[in-house]
Amino acid sequence: LREVFDRHGVKCTGAHIGMNPGTEAAPGLRGNLDKLAADMHVLGVTHVYAPSMAIPTDIGLSPNPTEGYAYIARVAEAMGEDRWKRLAAELTDIGRKLKAKGIRFGYHNHNFEFAKAGDRTGYDIMVTESDPEFVSFELDVGWAAAAGNDIPALFAKYSGRYTGMHMKDLKASTVANINLKMDPTEVGSGKLDWVKIMPAAWNAGVRNFYLEQEPPFEKGRMEAAEIGYKYLSTLVA
């Protein structure tokens, strides 16, 4: 895979690795972190991000036959402060071990992390209870906005905790929710104010910028990527 990257002039700076044991050949964040870090160095990855939380074994919930991914939103609402704090502690432990191997670590959000847990959200607890020396965050702008967040304000609130972002846009028809729902569109074609978002991201510490779009696509995927790239290329700091 690294040979293919090099041949086409592509750098793989970040990787999403699940919070599971994985396999001997492809370990997850609860698996062999020495092997994982070695593989990341081969690829040239500098930052590993957990793409989602793992469902706690003590949560006492089961998915309904027809709810699909929305199940995790019910889990998020049932987490409570203690489980979010335990997750933050686990993220810190993983980040400490990966940092010792030369890999930085962070967490990537959807919108279910913004479920309330006491006076805070799960996301608030993860950020404030994890150790900034070992855990950063990759803000998925689309999912955070789908949860009803003001994106520049969120970057400012936790400035210094971000190393990456997913640049993703939404149609105005998107209704605030934590149930993994959004109406996606090409970056620059939706309701998000990128003129304000991009400098806010930079000022908050983001240096890994990834263009992303959720399905369903109204245009071909490569065309959608080109639209987003061309739009972002017009922005001037």
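Read on for a plain summary of the structure. (Residues numbered from 1 in each chain as written. Predicted model: local features only at pLDDT ≥ 70, side-chain atom pairs only at ≥ 80, totals over all residues. Heavy atoms only, no water.)

Overview of the pattern of salt bridges
Pairing is possible between side chains of opposite charge, provided their charged atoms come close. Put simply, the rule reads: The salt bridge definition used is simple: a Lys or Arg side-chain nitrogen within 4 Å of an Asp or Glu carboxyl oxygen. Each helix is a run of DSSP H or I of at least 4 residues and each strand a run of E of at least 2, with the numbering of both proceeding from the N terminus. Exposure categories follow from relative accessible area, calculated using a 1.4 Å probe and restricted to protein chains: below 20% of the type maximum is buried, above 50% is exposed, and the middle band is partly exposed.
The final tally for this structure, using the stated rule, is 18 salt bridges. A salt bridge links R30 to E90, with the shortest nitrogen-to-oxygen separation between them at 2.7 Å. You can see R30 sitting in the loop between β1 (14-16) and α2 (33-43) and its partner E90 sitting in helix α4 (residues 80-100), a full 60 residues away along the chain. Overall, E90 belongs to the partly exposed group, its relative accessible area being 23%.

Section: the sheet that holds strand β10 (residues 208-211)
Convention followed: Strand pairing requires that DSSP identify at least two bridges connecting the strands. Fitting a line to C-alpha atoms yields each axis, with helices limited to the stretch in contact; the angle taken between N-to-C directions then spans 0 to 180 degrees. Contacts between residues were defined by any pair of non-hydrogen atoms, one from each residue, lying within 4.5 Å.
The sheet built from six strands is open, its strands ordered β1-β2-β3-β6-β7-β10 with parallel pairing. Only two strands of the sheet have a single neighbouring strand rather than two, namely β1 and β10. Averaged over all neighbouring strand pairs, the angle between strand axes comes to 25°, with direction disregarded. Bridge count for β1 against strand β2 (residues 47-50) is three bridges, and the pairing is parallel. In the strand pairing of β2, G14 is matched with H47. Relative to strand β3 (residues 104-108), α4 is tilted by about 150°, and along the sheet it contacts β2 and β3. Lying on the sheet, helix α8 (residues 194-204) is in contact with β7 (162-167) and β10; it crosses β7 at an angle near 155°.

A short note on the side chain of S130
Inclusion rule: Distance and chemistry together define a polar contact, namely a pair of N or O atoms within 3.5 Å, with one atom able to donate a hydrogen and the other to accept it when in protein, and with adjacent residues in sequence counting only for side-chain atoms on both sides.
Here S130 shows up in the loop between α5 (122-129) and β6 (136-140). Reaching out from S130, the side chain makes a polar contact with the backbone oxygen of M126 at a distance of 2.6 Å. Polar side-chain contacts of S130 include one of 3.0 Å to the side chain of R161. Look past the residues within four positions of S130 in its chain and what remains in contact with it is A88, T92, I125, V135, F137 and R161.

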